[in-house]
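# Structure at a glance
Listed below, chain by chain, are the residues.
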Amino acid sequence: MVHPPKSLKRLLPSLSVILAMCSIINLSLSVFASDALENSEGAFLMRQPTENPSTDAFMASDPFVCLIPEDGVFLPCHANLIEDFIPFQRQVQSVITNTKCVNDEAAGYPCRGVDLMAYLSLDEFGNAGGSASDIWGWTNPNSGQEIVILTLQDRTSFVDITDPTDPQILAHLMIPNSATTSFWRDVKTYESYAYIVGDISKNFGMQIFDLDRLAGITETVVLTADNHYTSTGSTHNITINEESGLAALVGISTGLERCGGGMHLLDLAVNPLDPAFLGCVSEDGYVHDSQCVIYHGPDERYVSQEICFNFNESKLTIVDVTDRGNPTELSVTEYENSAYTHQGWVGPDHRYLLLDDESDERVNDLNTTTYIWDIQDLHQPDLIESHMATTQASDHNQYIYKGYSFQANYRAGLRILDVVNVFEGELEEVAYFDVFPADDESNYNGAWSVYPYFESGLVAISGIESGLFIVRPTTLKDHRIKIEPSPSISVSVGSSHSFTFSVQTLGLPDTYTLTLDSDGWETDQLKGLSVTGSPTETLDIPINITIPLTASESMSVTMIIESANRPDYTETVSKQLNLLIEPNINVLIEPLNTVFDQSGLAAQSVLVTNQSSQPEKFEISAQSNPWQISPAMIETPLLEVGESFLAKFHIEIGDGIESTHMFTVTSAVDFSVLDKQDLILNLQTAAETRLSVEGTVSPDPKLNAIITLTNTGDYTDSYSISFDPMIISGTVDTGFIPSNETIELRYQMNVIGNGVIESDLIILSNRSGNEVDRIRLEHQFYTAYLPLTRAATR
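Residues numbered from 1 in each chain as written. Predicted model: local features only at pLDDT ≥ 70, side-chain atom pairs only at ≥ 80, totals over all residues. Heavy atoms only, no water.

## Overview of the environment of Leu354
- Here Leu354 lies in strand 23 (residues 352-357).
- Residue classification places Leu354 among the buried positions, given a relative accessible area of 0%.
- If near-sequence neighbours (up to four positions away) are discounted, Leu354 is found in contact with Gln343, Gly344, Trp345, Thr370, Tyr371, Ile372, Gln398, Ile400, Ser405, Val419, Val422 and Leu427. (Helix = DSSP H or I, 4+ residues; strand = E, 2+ residues; numbered from the N terminus. Buried < 20%, exposed > 50% of the residue type's maximum accessible area, 1.4 Å probe, protein only. Contact = heavy atoms within 4.5 Å.)

See the structure below:
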């Protein structure tokens, strides 16, 4: 074991934090004692604990080891717990192939839904006394050959798993001659190159290896690196954005440019064999692991920018590195129960992130915990939930692919979690393969990492004490989607409303046929619409729907999506629409003038104005007594706030001069009565009458009376004209006369007595029974030869 000098002791984290630090390997004290030395160049101070350590030294039982830079500037050391060391678990067989998972077991390894295709022990790699660490993969784009890249204590090995039941170790790349062996190794790829680093190894630097050199190899060979990058020395990790060619070496403790333990940026795109140094990201200090992406998530401020998500021991740090010379820190977020923020991975749509804390299980006595982050606002990532597994194993690395998180959880091995409901804060374990059968405790043995990105569906697992496992999940779905409707809403009947269904591809890219079932509601699209989706983007399918007036209080709209590439796969999701009855619904009704025509009808207009706080429809009902009115009800169109509608009714006028009409307005939402108006129609009856006479008395004592009568009332009427029965017998009935029309009547008058006629002609309205006019006739006759001397007057 190695201890820092007294001058640096006060700068180290507390033991509880040290116990929480990352990438732990189970090594005996003797391993560290044998490597302990004091370098003559002073590059590292590595001190072996004494039997009786002084109070200035750390106790021999303190489970950590640090490298101390030669300039004495303290950097966060990579702590390594060794207290759980157990002997390597070895199989009787060093090679196992093609073993199915039956009854939750395959060749002695606990499993569920995952078959063991092949196992190669450390002996097979010539690394019997060492251990395995990181693992990655590469597929030859020309041949389709699938290659596993496994880092071991003294070498990196390349294994062809194209035939997963007969894996072939093609080559070993030994560590640089300048480096000591490293228990903490990391590897990533860009195009056809592998980039390999090592921690707690002073002059390791970065090896660059051309993977195309593996083509055609039939027997295991030992190869050398194509280049050795030496501006860094001891480096904990490397991350590569394969879309941009940006590499970031992190957790550097020695070398020419350590970047404060932060990100040492390299450009691989221009010359992947000889990358150029771009600059540092050191504002937030030590970076343990990172993922960098060209951002295409929902935070529109950073679309198409290059964003790195850094896992910095106790926090999540998000950095914009688009301007390589001037990176911008967007947020630094700590979280409850953090012990050692180790690694994480961003969902393909850049809306969420899963984070693993390597030591929270031990420090906080938790089961395996995965932290779910909403990263839709890069300035304010939100920890929305924590998923707690059924085991106590510490989690180490995870990668998201096809809607699943493939986790390497040390003693619990490979754990596969479904992320379909990640935004509800839910993860579900659907499969596993445990490479450490002894137990699932929170110690640092078992699975270091996994690689799930082979097109064949194979997953590679690195077992720290055991070696390489090639497995095949059997229950996962390659083609999967998730449909998320926008939040359920409240809408008014009679209105049109737009909302969206969000369609997310969780598996491989696919084409979908969309169908909408809207419970009879009318929509303006989605009649067999076909769309294509990919895991990197979310499709927002807009829906425009008109809410019928007959809608109930709650209805649903269902989206049905069928996969084109997997015909048996269909997803269905329903969206609830709650109908809202707006409490502020009001209307103003105004009966307007009545217009009469000559056909026995009248036109009555009613003006309705929406005085609600929202667009609304109304129903106007009409009743009449004793006349007839039609139609009985008129429905308005949807009226905007303040908008008016003119409703026209027809009245069939019957007997009498008066009729009462009642107009009622109700809401089309809940049919409550909003307004009532009564209208009393009174017909005015009137007439203008003129009378003239002509003729002589002799030889016949009669005169002709000419009556001209004009209906000056509102409506068609008939009139009765009564006379002195001695002059004209009976009552004259005019018959129906339309309003404003005139008739002429002729009658013979009897001349009686002394030749004098004196009488009143009384005109009565038959509609009202009222007298509407009266004419006074005074006329005197003399002899036949005398002229008419006096005219009739009113």
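Resuming the write-up.
## Quick notes on the state of the cysteines
- Summed over all chains, the structure comprises 3 disulfides.
- Each sulfur in the disulfide pair Cys101 and Cys111 lies 2.1 Å from the other. On the sign convention where negative is left-handed, the bridge of Cys101 and Cys111, at about 105 degrees about the S-S bond, is right-handed. Remark: Cys111 occurs in strand 3 (residues 109-112) and Cys101 occurs in the loop between strand 1 (95-99) and strand 2 (105-106); sequence separation between them is 10 residues.
- Judged by its relative accessible area of 0%, Cys111 is buried.
- The residue that forms a disulfide with Cys292 is Cys308, at a sulfur-sulfur distance of 2.1 Å. Here the disulfide of Cys292 and Cys308 is right-handed, its torsion about the S-S bond being about 105 degrees. With Cys292 in strand 18 (residues 289-294) and Cys308 in strand 19 (residues 306-311), this pair connects stretches of sequence that are 16 residues apart. With respect to class, Cys292 is no different from Cys308; both count as buried. (Disulfide = S-S within 2.5 Å.)

## Focus: unusual backbone geometry
- Residues Asn625 and Pro626 are joined by a peptide bond in cis, for which omega reads 10 degrees.
- In this chain, Ser630 is followed by Pro631 through a cis amide linkage whose omega measures -5 degrees.
- Positioned with a positive phi, Glu191 is a non-glycine residue whose angle comes to about 50 degrees.
- Residue position: Glu191 is located in the loop between strand 9 (184-190) and strand 10 (193-199).
- Positive phi, close to 70 degrees, is recorded for Asn740, a residue that is not glycine.
- When you line up the elements, Asn740 lands in the loop between strand 53 (731-737) and strand 54 (742-750).

## As for the pattern of salt bridges
- This structure, assessed with the given rule, holds 15 salt bridges.
- Asp478 serves as the salt-bridge partner of Lys402, at 2.9 Å between the closest nitrogen and oxygen. Note that Lys402 is positioned in the loop between strand 26 (397-401) and strand 27 (404-408) and Asp478 in the loop between strand 32 (467-473) and strand 33 (481-485), a separation of 76 residues in sequence.
- Assessed through its relative accessible area of 12%, Lys402 is described here as buried.
- Each of the salt bridges in this network shares a partner with another, and the network as a whole consists of Asp134, Asp186 and Lys188. (Salt bridge = Lys/Arg side-chain N within 4 Å of Asp/Glu carboxyl O.)

## A word on the side chain of Thr156
- On the secondary structure map, Thr156 appears in strand 7 (residues 155-160).
- A polar contact of 2.9 Å, which involves the side chain of Thr156, links it to the side chain of Arg185.
- Once residues within four sequence positions are removed from consideration, Thr156 is found in contact with Ile149, Leu150, Thr151, Ala171, His172, Leu173, Arg185 and Ile196. (Polar contact = N/O pair within 3.5 Å; in protein donor to acceptor, adjacent residues only side chain to side chain.)

## Some remarks on the side chain of Gln407
- Along the chain, Gln407 turns up in strand 27.
- Of the residues examined, Gln407 reaches a relative accessible area of 3% and is grouped as buried.
- Only 3.0 Å separates the side chain of Gln407 from the side chain of Thr370, close enough to count as a polar contact.
- Polar contacts involving the side chain of Gln407 include one to the side chain of Gln398, which spans 2.9 Å.

## Let's talk about the packing of aromatic side chains
- In total, this model carries 20 aromatic pairs according to the counting rule given.
- A ring pair is formed by Trp136 and Tyr453, whose centres lie 6.2 Å apart and whose planes are at 55 degrees; its orientation type is tilted. You can see Trp136 sitting in strand 5 (residues 132-139) and its partner Tyr453 sitting in the loop between strand 30 (447-451) and strand 31 (459-463), a full 317 residues away along the chain.
- Since its relative accessible area comes to 6%, Trp136 is described here as buried.
- Each ring, one from Tyr451 and one from Tyr453, has its centre 5.5 Å from the other, and the planes form 75 degrees; the classification is edge-to-face.
- Judged by relative accessible area, Tyr451 falls into the buried class, the value being 8%.
- In this structure Tyr453 comes out as partly exposed when scored by relative accessible area, which is 22%.
- A cation sits over an aromatic face here: Arg351 above Phe423, 4.4 Å from the ring centre.
- Taking NZ or CZ as reference, Arg480 lies 4.0 Å from the ring centre of Tyr404, over its face. (Phe/Tyr/Trp six-rings, centres within 6.5 Å; stacked < 30°, edge-to-face > 60°. Lys NZ or Arg CZ within 6 Å of the ring centre and 35° of its normal.)

## Overview of the nonpolar core
- If you look at the biggest cluster of nonpolar residues, it comprises 67 residues, and the most contacted ones within it are Leu214, Phe433 and Leu468.
- A per-element tally of this core places strand 4 (residues 114-121) first, with 6 residues.
- The residues touching Leu468, leaving out its near neighbours within four places in the chain, are Ala118, Tyr119, Leu120, Phe125, Ile135, Val148, Leu150, Val159, Ala460 and Ile461.
- Residues Val608, Phe649, Phe663 and Leu681 belong to the second largest nonpolar core, which totals 22 residues. (Core = buried A, V, L, I, M, F, W, Y, C linked by side-chain atoms within 4.5 Å.)

## Considering the environment of Thr239
- Considering the arrangement of structural elements, one finds Thr239 in strand 14 (residues 235-241).
- We classify Thr239 as buried; its relative accessible area is 6%.
- Residues Thr239 and Cys292, 53 residues apart in the sequence, show an inter-C-alpha distance of 7.4 Å.
- Not counting the four nearest positions on each side in its chain, Thr239 is found in contact with Lys188, Leu246, Ala247, Ala248, Ser290, Gln291 and Cys292.
- A polar atom in the side chain of Thr239 sits 3.0 Å from the backbone oxygen of Ser290.

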